[in-house]
Amino acid sequence: MAGRINDDDVKAVRDAVPIDSVVSEYLQLRSAGGGNLKGLCPFHDEKSPSFQVSPGKGLFHCFGCQEGGDTIAFVMKIDHLSFSETVERLAAKAGITLRYEEGGYNPSHQRGERIRLIEAHQAAADFYVRALESPEAEIGRKFLAERGFDQDAATHFRVGYSPAGWDHLTRYLRGKGFSDKELITSGLSQDGRRGPIDRFRGRLMWPISDTAGEIVGFGARKLRDDDNGPKYLNTPETPIYKKSQVLYGIDLAKKDIAKASRAVVVEGYTDVMACHLAGVTTAIATCGTAFGNDHIKILRRLLMDNGSARVIFTFDGDSAGQKAALRAFEDDQKFAAETYIAIAPDGMDPCDLRLAKGDDAVRDLVEPRTPLFEFALRQIVGRYDLETPAGRAAALDEAAAVVAKIKTSSVQREVAVQLAGFVGILDQEFVVRRVAQLARWARDKGGDGRGDPRGGRGSGGPQDRRGGTPQQPVQTPAAPSGPALNLRSPAHRTERELLKLALQKPALVSPAFDAYGADEFTAPPYAAVRQCIAEAGGAERGLGDNREYLVAVMDAAPNNTVRSLVTELAVEVFMGRTIDETYAGMQLVHVRLRAVDRRINEVQGSLARLGSNVAPDDLAAAQNEVWVLQQYAQSLRAKGADAL
């Protein structure tokens, strides 16, 4: 069993790997002001960015779904890793050798499962690349050459070859220290009658990487007629490979996709190679499955869904390609980007087009030509005889049902008008009304009743926040309990500002803040955060290493709900324009003054309820407390922070 990673090494890893560099491997980030960055949240669907990263604090927080934490928490969540696996992965990135409390350095048996499977795939990729140089692989080199790919191209895309024998790779990986169980789990080997054998044999091999650039699977192309398997054979579903969640070439294309706000979706590995070599470096492809929801999520995070973003599909012109285009149109509105389809003359794919007409033809192909909705609707309408009233009516019924799924009313109307032209119906308003009617019926029949996915910070409050890690179910926190936060409440607004100051700018509120009790915060969630700060050593601890201080505050949180609120407060912008000692003093005074006034009211209320039943000594003590508190309140109002 793996030992506990040394705490100093965990801190070193956390400090060494900038959170913005890690997060930007998965989504595009832009300035959010105040030194923060923003992007579309990778943990829930949203149309406007509510996900913020604070490089200075090493934290992220989504104000929509309330996920938050440091670099380690982000990688754990997005890649479904354990804590130790995540630290090991980030340590490898930073070149840090980890120590384990129970002795020794990182032997292979201590490696987490995901990391071991990634390492196996990396070793396999190296093996396949070397095998492509062997005499046996001449058939593979010839295949590439016939499609216009030389040795440099093969090297750039790390194309390899799997030997035709039963267990060449399996024996090689065993020699590297991988167990049979790991080889089977990885999908690189499969069970044979006498033990594991290679899954891929006698095929051309393309490594498939995730967004972070780690190889998680392979695509294998048949080369010989005596191979009875499918033309393309992909890695099966494994703990690290989900075909609906990977895009071939995304590791090479992601930076240019984000920079150009354009993505080109092609159908195969050789098409991606052809596009990139022709200068279309935003090309990616699905891996043995249709383009779907998870692929859209990957692209949306890179495109940031700005108004100029474009997604261009290059499906083949055959019936299968047309069906793929129609499926893509079903998901079209999940993009804020404009979507187009490009079909080469004679239905050639980008690889064939490059061979026949050169790089310029490939670049010309992906210049937006036909909006995807127009192509999809014309495909539907083209199946009917529009020369007859019955044909036009049937075409309208099928196509209108598709247009009715467009949620934005203005776009729905515009497409409905164009549909009228495709069908040949002169009364455009009739078609518009028909589409609107179908949309209403669909809403009435299947309304999902979902509200604003962001939950509304003003009324939802921490009681609605999600918790849990990828290894744990969401917990229902025992604390904090109490009424939901209401940011219209002056008390809640001020308490929130004071906690933000204590987390983000502790020098402005220290040492006064550390004398405040949790009971001075009226909202139970804020009282819980105040308690976390106290248990972490107080705001004064933040005068040193602010990152270490914030980590200590998060570690003190009793549950994921409170931890999420800590990260939210640690990255949220302040309400005031100028954040200085004067502003901080105002928040300190207002919170303390409200606490004093509440105590005065409590004592006076108790005296009123007891009436003549109160003992003389108790009455005198209560009256004295009220007098002292009133004097203190008066001083706070007159002198401000100087009276604290």
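Right above here is the structure, for reference.
Treat the numbers as computed from the prediction; the structure is a model and nothing was measured.

(A) Representation of empty space enclosed by the protein in the model. All chains considered together, the criterion is met by two cavities of 30 Å³ or more. In this structure, the second largest cavity encloses a volume near 40 Å³. Lining the second largest cavity are Arg14, Lys57, Gly58, Leu59, Asp70, Arg547 and Val551. Looking at the lining of the second largest cavity, its residues break down into two nonpolar, one polar and four charged.

(B) Summary view of the sheet that holds strand β12 (residues 262-266). Strand order in the open sheet formed by five strands is β13-β12-β14-β15-β16, and the pairing between neighbours is mixed. Of all strands in the sheet, those with a lone pairing partner are β13 (283-285) and β16 (370-371), marking the two edges. Sheet topology places strand β15 (residues 338-341) next to β16; two bridges connect them, and they run antiparallel. Each residue of the ladder has a partner; that of Ile341, found in β16, is Thr370. Most of the contacts of helix α10 (residues 250-260) go to β13, to which it runs at about 130°, and overall it touches β12 and β13.

(C) How the structure looks around the sheet that holds strand β6 (residues 160-162). Across the sheet, four strands lie side by side as β6-β9-β10-β11; this open sheet has antiparallel pairing. One side of each edge strand has no neighbouring strand; the edge strands of this open sheet are β6 and β11 (232-234). Each strand axis lies, on average, 35° off the axis of its neighbour in the sheet, ignoring direction. When strand β10 (residues 215-222) meets β11, the two strands line up antiparallel, connected through three bridges. What sits directly across from Arg221, in β11, is Tyr232. Contacting β6, β9 (203-209) and β10, helix α5 (residues 113-131) crosses the sheet at an angle of about 35° to β10. Each of β9 and β10 touches helix α6 (residues 138-146); the most contacted strand, β9, lies at about 70° to it.

What counts and how
- Each chain has its residues counted from 1, running along the sequence as written.
- For this predicted model, a pLDDT threshold of at least 70 governs which residues receive local features, and a threshold of 80 or more governs which side-chain atom pairs are given and counted, while totals over whole chains, interfaces and linings are taken from all residues.
- To get the side-chain values, take all heavy atoms of the structure and skip hydrogens and water.
- Within this scheme a cavity is a closed region of a 1 Å grid, computed over the protein atoms alone, that accommodates a 1.4 Å probe without allowing it to escape, whereas a pocket is open but has protein on both sides within 12 Å along at least five of seven lines; lining residues each have an atom within 4 Å of a point.
- Grid points are joined across faces, edges and corners, and a volume is the space filled by probe spheres set on the points.
- Classification used: nonpolar for Ala, Val, Leu, Ile, Met, Phe, Trp, Tyr, Cys and Pro, charged for Asp, Glu, Lys and Arg, polar for all others including Gly.
- Note on pairing: two strands pair once DSSP finds at least 2 bridges between them.
- Each helix is a run of H or I in the DSSP string that is no shorter than four residues. Each strand is a run of E no shorter than two, and both are numbered from the N terminus.
- In this analysis, two residues are considered to be in contact whenever any of their non-hydrogen atoms come within 4.5 Å of each other.
- In this description, a line fitted to the C-alpha atoms serves as the axis of each element, helices being fitted only across the stretch in contact, and the angle between N-to-C directions of two axes falls anywhere from 0 to 180 degrees.

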